[in-house]
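Below are the chains, spelled out letter by letter.
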Amino acid sequence: MKQQSKECLPERVPFSAIPTGETRSVFAQEGLIDMAHLCFEPSGIAQWAHRSVWTDRMLETLLNNKVRGGKWHAVNDKVFSESNLLDSARKVLGKKGAAGVDQQTVTDFAEQQRDELRRLRDELREGHYRPSSVRREWIPKPGSQELRPLGIPTVRDRVVQTALVHVIEPILDHTFHKRSFGFRRGRGCHDALRVVEEKLAAGYVYVVDADLKGYFDTIPKDRLLAMVGEKISDRRVLSLVKAYLDQSIMEELRTWTPEAGVPQGAVLSPVLANLYLNPLDHQMSESGYEMVRYADDFVILCRSREDAESALAMVAQWVAAAGLTLHPDKTHIVDSRERSFSFLGYSFRGKLIFPRAKSREKFVARIRELTPRKSGQSIQSTINEINQMTRGWFGYFRHCHWRIFKELDGLIRRRLRRQLLKAHRVNPTRQCRTHRWPNAYFTDLGFWSLREAHFRFAQSCKGNY
């Protein structure tokens, strides 16, 4: 009877589904403000703008486009205000990031927090503040054997950058297009994927799958700074942004200053990267194209191949004029009914939606790491480690077709039986592995089944989409 009830549920849960007890967009818990007394229509920005910086009057001016001349003047004092620096320090210390070139850890900073913040405030107010070099490390690129650079600023610089972001992010975010989802408050990957799913269902089956080559490392600094200057005229703030764009890079014993780009890993980089691609978002929308962007990853959905070719030509022209480069091998047009395309870890083909091949391979590789043939820990401990990993994985890929969850459950159980067989070679009753250790055996040990999780998720969403 239980199996029959499962078959009545959909094969997959759409991105538009809202599980019981959840909302479509979740705002950050810190910095929320009371909307009851505001004299303007509630907006997303008003919900997350930091109260240590943004007053009711400033928010009303921003959201109603009442800024004189379209530019914000004299906001530098907001950057080094005591409350803003204190909130920024709390946020940076809460993330417990690595030390920069000065080797100062977040623990070291916390021990001297009052003196450090006083020193930063004085330097910013007097105009003597200068950011240190960024320590460069190389980390694995998700879904690839390649490495990508990661810039690690000092703790002091991260605090100041966070304070600066508190000031300029609402100003810039107010101009961003609604189809831009990356690194924005109240927006996430599933929101972008929901739009893609809706457009595919509406007949926009020809997809321009584009990739910008080394986007963060190739953004022209002068053009980016000029775009910031179109919305903010405070010279002290612009000088601070320029100082971060001109930060030198330290790798081992070598130091140099890049001619272009924004350092990946810097607090300021996401909002600046979104700003530089903002004109492309608006141009494609005004031209009638359905473009969905998450940071530097975007797709354009069209009804015909001719429209897709025109859209790609427009993007190529804009990208070249902006000093960027489309990756020749990773940019192409796909008929999603015949070939799959990947976006934000998901693979789309027709009505089928699965994790992309690299995402699945990464999952399988991690399961193999957790279930070696020779293990010094109990099967219970191994299952606990697997559960911790699979819960997080399912939280993101829960909108896939149910078959992938059944398949991965089978993989995990086979690996666990392989471990048990190594530890219990004696088999007097000559039973096969599945009879010696049936699925119920692992369930009793607390194994968290992906298939069962999908079943519960589908039930919780039933009627909510």
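The structure under discussion appears in the preceding block.
Quick caveat: nothing in here was measured; it's all calculated off a predicted structure. (Residues numbered from 1 in each chain as written. Predicted model: local features only at pLDDT ≥ 70, side-chain atom pairs only at ≥ 80, totals over all residues. Heavy atoms only, no water.)

### Let's talk about the pattern of salt bridges
- All told, the structure shown has 23 salt bridges when counted by the stated rule.
- A salt bridge links R51 to D56; its shortest N-O distance comes to 2.6 Å.
- In this structure, a network of salt bridges that share partners links the residues E116, R119, E123 and R156. (Salt bridge = Lys/Arg side-chain N within 4 Å of Asp/Glu carboxyl O.)

### Notes on the environment of I412
- Considering the arrangement of structural elements, one finds I412 in helix α17 (residues 402–423).
- Residue classification places I412 among the buried residues on the basis of a relative accessible area of 0%.
- With 314 residues separating them in the primary sequence, I412 and A98 have C-alpha atoms 34 Å apart.
- Setting aside residues no more than four positions away along its own chain, I412 makes contact with F363, I367, I386, T390 and F447. (Helix = DSSP H or I, 4+ residues; strand = E, 2+ residues; numbered from the N terminus. Buried < 20%, exposed > 50% of the residue type's maximum accessible area, 1.4 Å probe, protein only. Contact = heavy atoms within 4.5 Å.)

### Side note on the sheet that holds strand β5 (residues 254–256)
- Strand order across the open sheet formed by four strands is β2-β1-β4-β5, with mixed pairing between neighbours. The sheet terminates laterally at β2 (147–152) and β5, the two strands that pair on one side only. With strand direction ignored, the average angle separating the axes of adjacent strands in the sheet is 35 degrees.
- Sheet analysis places strand β1 (residues 134–140) next to strand β4 (residues 249–251), joined by two bridges and oriented parallel. Looking at the pairing, R135 lines up with M250 of β4. (Pairing = 2+ DSSP bridges. Axes fitted to C-alpha atoms, helices over the stretch in contact; angles between N-to-C directions.)

### Structural notes on the side chain of H401
- Structurally, the position occupied by H401 is in the loop between α16 (379–397) and α17.
- According to the relative accessible area criterion, H401 is buried, its value standing at 2%.
- There is a polar contact of 3.1 Å between the side chain of H401 and the side chain of E11.
- Among all residues touching H401, those that are not within four sequence positions of it are E11, R12, L352, I353 and F354. (Polar contact = N/O pair within 3.5 Å; in protein donor to acceptor, adjacent residues only side chain to side chain.)

### Structural notes on the packing of helix α11 (residues 221–229) against helix α13 (residues 269–286)
- Following both chains from N to C, one finds α11 and α13 inclined at 85 degrees, their axes separated by 10 Å at the closest point. Between α11 and α13, the angle falls in the class roughly perpendicular. For the pair α11 and α13, contact is made by R223, L224, M227 and V228 and by L272, L275, Y276 and P279, respectively. (Parallel < 35°, antiparallel > 145°, perpendicular 65-115°, else oblique.)

### Some words on the packing of aromatic side chains
- In the structure shown here, the tally under the stated rule is 17 aromatic pairs.
- Between Y215 and F216, the aromatic rings sit 5.5 Å apart at their centres with planes inclined by 70 degrees, giving edge-to-face as the arrangement.
- Residue classification places Y215 among the buried positions, given a relative accessible area of 3%.
- Among the residues examined, F216 registers a relative accessible area of 11% and is labelled buried.
- Pairing F363 with W393 gives two aromatic rings, centres 4.6 Å apart and planes at 50 degrees, and the pair type is tilted. Here W393 lies in helix α16 and F363 lies in helix α15 (residues 357–370), a separation of 30 residues in the sequence.
- On the basis of relative accessible area, W393 is assigned to the buried category, the value being 11%.
- An aromatic cluster is built from F15, Y346, F363, W393, F394, Y396, F397, F405, W448 and F457, whose rings are joined through pairwise contacts.
- Geometry around W256 places R254 over its ring, the cationic atom sitting 4.3 Å from the centre. (Phe/Tyr/Trp six-rings, centres within 6.5 Å; stacked < 30°, edge-to-face > 60°. Lys NZ or Arg CZ within 6 Å of the ring centre and 35° of its normal.)

### Regarding the sheet that holds strand β10 (residues 346–349)
- One open sheet accounts for three strands, arranged β9-β10-β11; its pairing is antiparallel. Only two strands of the sheet have a single partner each, and these edge strands are β9 (341–343) and β11 (352–355). Neighbouring strand axes in the sheet, compared pairwise and without regard to direction, differ in orientation by 30 degrees on average.
- Where β9 and β10 come together, three bridges link them in antiparallel fashion. Looking at β10, one finds that F341 is bridged to F348.

### Examining the pairing of β10
- In this structure, the hairpin formed by β9 and β10 is closed by a connection of two residues, where L344 is found at a positive phi of approximately 55 degrees.
- Here β10 pairs with β11 via four bridges, running antiparallel. Directly across from S347, in β11, lies its bridge partner F354.
- The hairpin turn running from β10 into β11, its antiparallel successor, is two residues long, and G350 in that turn takes a positive phi close to 60 degrees.

### A few points about the environment of F80
- Position of F80 among the secondary structure elements: in the loop between α4 (76–79) and α5 (82–95).
- In this structure F80 comes out as buried when scored by relative accessible area, which is 11%.
- Placed 83 residues apart in sequence, F80 and A163 show a C-alpha to C-alpha distance of 7.3 Å.
- Setting aside anything within four residues of it in sequence, one finds F80 in contact with L85, R121, L124 and R125.

### Looking at the packing of α16 against helix α20 (residues 450–461)
- Between α16 and α20, the shortest axis-to-axis distance is 11 Å and the interhelical angle comes to 40 degrees. Classified by the interaxial angle, the pair formed by α16 and α20 is oblique. You can see that α16 and α20 cross each other, and the crossing is right-handed. Here α16 contributes T390, W393 and F394 to the contact with α20, which in turn contributes L450, A453, H454 and F457.
- Split by residue class, the contact of α16 with α20 holds five nonpolar, two polar and no charged. (Left-handed = near helix turned anticlockwise from the far one by under 90°. Nonpolar A, V, L, I, M, F, W, Y, C, P; charged D, E, K, R; others polar.)

### As for the nonpolar core
- The biggest cluster of nonpolar side chains holds 79 residues, and the ones touching the most others in it are W54, L164, Y215 and I300.
- When near neighbours in sequence (up to four residues on either side) are disregarded, Y215 contacts A273, Y276, L277, D296 and L324.
- With 52 residues, the next largest nonpolar core counts V196, F394, L408 and F447 among its residues. (Core = buried A, V, L, I, M, F, W, Y, C linked by side-chain atoms within 4.5 Å.)

### Considerations on the environment of V67
- Within the fold, V67 resides in the loop between α3 (56–63) and α4.
- Residues V67 and K231, spaced 164 residues apart in sequence, show a C-alpha to C-alpha distance of 9.6 Å.
- When residues no more than four places from it in sequence are discounted, the contact partners of V67 are T61 and W72.

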